[in-house]
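Listed here are the chains, written in short residue letters.
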Amino acid sequence: MEIVLSGIRPTGDLHLGNYFGALRNFVKMQDDYKCNFFVADYHSLTTHPHPEDLRINVKKILSQYIASGLDPEKSTIYVQSDVPEVCELYMLMNMNAYIGELERTASFKEKARQNPDNVNAGLLTYAVLMACDILIQKADKVPVGKDQEQHLEMTCRFARRFNNIYGVEYFKEPKAFSFSKDLIKVPGLDGTGKMGKSTNNGIYLIDEDKDIRKKVMKAVTDSGPTEPNQAKPEVIQNLFTLMDLVSDRSTIEHFENAWNDCSIRYGDLKKQLAEDIIRTVAPIREHIKDIYNDDAYLERVAREGAEKARVQAAKTVKEVRQIIGFK
Ligand code: AMP
């Protein structure tokens, strides 16, 4: 079975974009691949989170992913810092990563521009640590968004370079996992663009029913269709795109018809959309609360996940040490 690996940044709560754009695909993948999902807490240190915030964010992410369907029985779910072997590999691989190529990485340049006072070495070598996350587990496939494609290319380069330096065929080059037709863009509620954490236009898996209703009722619309069967402007199409994800066929048809014959009332559409979103979110939210409050369960999941992940990690580091010449 092919090995798939995905890292999750512990940077706050998950929204419907994360759920429909990534998580649902991860959940399906679990039956066809040997999946590794880890919370990338070492990576998050580049921004110096407060220790208590870091702890809470790791816990949040674990509980939100598990409540959404990641299954510790099927997949290896772990916290990156519980597998310290990756630090040794990271140090060793840093010897073969050149300053020039690291400085040219798009995400490094962007972060350095955004935070000129915190251009630290960890930020510079972010791509090396990410390569090690992948290579240490011998992953075949990595689901990557557009922003991570360059990091995956660098992973392949570091793997090839290691093999070349030591004259071995040790690391294999991981491939991008493409969801192709399953990849959707979940729009935000502010009319344009996609739902995102930093844009304050999202519905979160932990939102209460009343908050969901409030957010949907406030979604941006226009003054309504003026002639039958006209194309929908983006703000309206976005609401229909959200409906496609959460509503029944008959509901969608009802509002499509109402749009086409100009009888649509956005208030009705929003009320229905809110209830349908609640139908998806409410059970997940309740599950999140149960898991989040069950420290013993979360600790067991993290411990057992780390135990599984450390088996391959220790093997890789041992073999790399031998190849390098440490006896
Ligand atoms: P982020 O936490 O924003 O980096 O998002 C993590 C992953 O969730 C991304 O790599 C995407 O796969 C997915 N994602 C986030 N926002 C959206 C969205 N609005 N539509 C579809 N997928 C999304």
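Quick note: structure is the one above.
From a predicted model like this one, the values you see are computed outputs, not experimental measurements.

Conventions we followed
- Residues numbered from 1 in each chain as written.
- Predicted model: local features only at pLDDT ≥ 70, side-chain atom pairs only at ≥ 80, totals over all residues.
- Heavy atoms only, no water.
- Axes fitted to C-alpha atoms, helices over the stretch in contact; angles between N-to-C directions.
- Helix = DSSP H or I, 4+ residues; strand = E, 2+ residues; numbered from the N terminus.
- Parallel < 35°, antiparallel > 145°, perpendicular 65-115°, else oblique.
- Contact = heavy atoms within 4.5 Å.
- Nonpolar A, V, L, I, M, F, W, Y, C, P; charged D, E, K, R; others polar.
- Disulfide = S-S within 2.5 Å.
- Buried < 20%, exposed > 50% of the residue type's maximum accessible area, 1.4 Å probe, protein only.
- Pairing = 2+ DSSP bridges.
- Near = heavy atom within 4 Å.
- Polar contact = N/O pair within 3.5 Å; in protein donor to acceptor, adjacent residues only side chain to side chain.
- Areas by Shrake-Rupley, 256 points an atom, 1.4 Å probe, with all protein chains shown as cover.
- Left-handed = near helix turned anticlockwise from the far one by under 90°.

Visitor: Looking at this model, I keep getting lost on the packing of helix H1 (residues 16-29) against helix H13 (residues 266-292). Mind explaining?
Guide: The geometry of a pair of packed helices is captured by two quantities: the angle between their axes and the separation between those axes. The interhelical angle for the contact between H1 and H13, taken along N-to-C directions, is 85°, at an axis separation of 12 Å. Taken together, the axes of H1 and H13 are roughly perpendicular relative to one another. Between H1 and H13, the contacting residues are Leu16, Tyr19 and Phe20 on the first element and Ile277, Thr280, Val281 and Ile284 on the second. Partitioned by chemical class, the residues of the contact of H1 with H13 number six nonpolar, one polar and no charged.

Visitor: How do you make sense of the state of the cysteines when you look at a structure like this?
Guide: Covalent bonding between the sulfur atoms of two cysteines defines a disulfide. Counting across every chain of the model gives zero disulfides. Cysteine 35 forms no disulfide, and the closest cysteine sulfur to it belongs to cysteine 156, at a distance of 19 Å. Residue cysteine 35 is classed as buried on the basis of its relative accessible area of 1%. Counting only cysteine sulfurs, cysteine 132 is the nearest neighbor of cysteine 156, a cysteine outside any disulfide, at a range of 13 Å.

Visitor: Just checking my understanding: could you explain the pairing of strand E3 (residues 76-79) for this structure?
Guide: In summary, the side chains of a regular strand alternate between the two faces of the sheet. What you see with E3 is no split at all: Thr76 and Tyr78 on one side and Ile77 and Val79 on the other are buried throughout. As defined by bridge partners, strand E2 (residues 34-39) adjoins E3 across four bridges and the pair is classed as parallel. Within E3, the residue paired with phenylalanine 37 across the bridge is isoleucine 77.

Visitor: How should the site of the ligand be read in this particular structure?
Guide: What surrounds the ligand is the set Arg9, His15, Gly17, Asn18, Gly21, Ala22, Ile184, Lys185, Val186, Lys194, Met195 and Lys197. Arginine 9 is positioned such that a nitrogen or oxygen atom in its side chain is 3.0 Å from an oxygen atom of the ligand. Valine 186 is positioned with one of its backbone polar atoms (N or O) 2.8 Å from a nitrogen atom of the ligand. For the ligand, whose free accessible area comes to 480 Å², the fraction covered by protein is 72%. Among the residues making up the shell around the ligand, the classes are represented as four nonpolar, four polar and four charged.

Visitor: How do you make sense of the packing of helix H11 (residues 234-246) against helix H12 (residues 249-260) when you look at a structure like this?
Guide: Remark: H11 packs on H12, axes separated minimally by 10 Å, with the N-to-C direction vectors making an angle of 160°. Judged by the angle between their axes, H11 and H12 are roughly antiparallel. Note on packing geometry: the crossing formed by H11 with H12 is left-handed. Contact residues: H11 offers Ile236, Phe240, Met243 and Asp244, while H12 offers Arg249, Thr251, Ile252, Phe255, Glu256 and Trp259. Along the lines of polarity and charge, the residues of the contact of H11 with H12 split into six nonpolar, one polar and three charged.

Read these as spatial facts, not as claims about activity.
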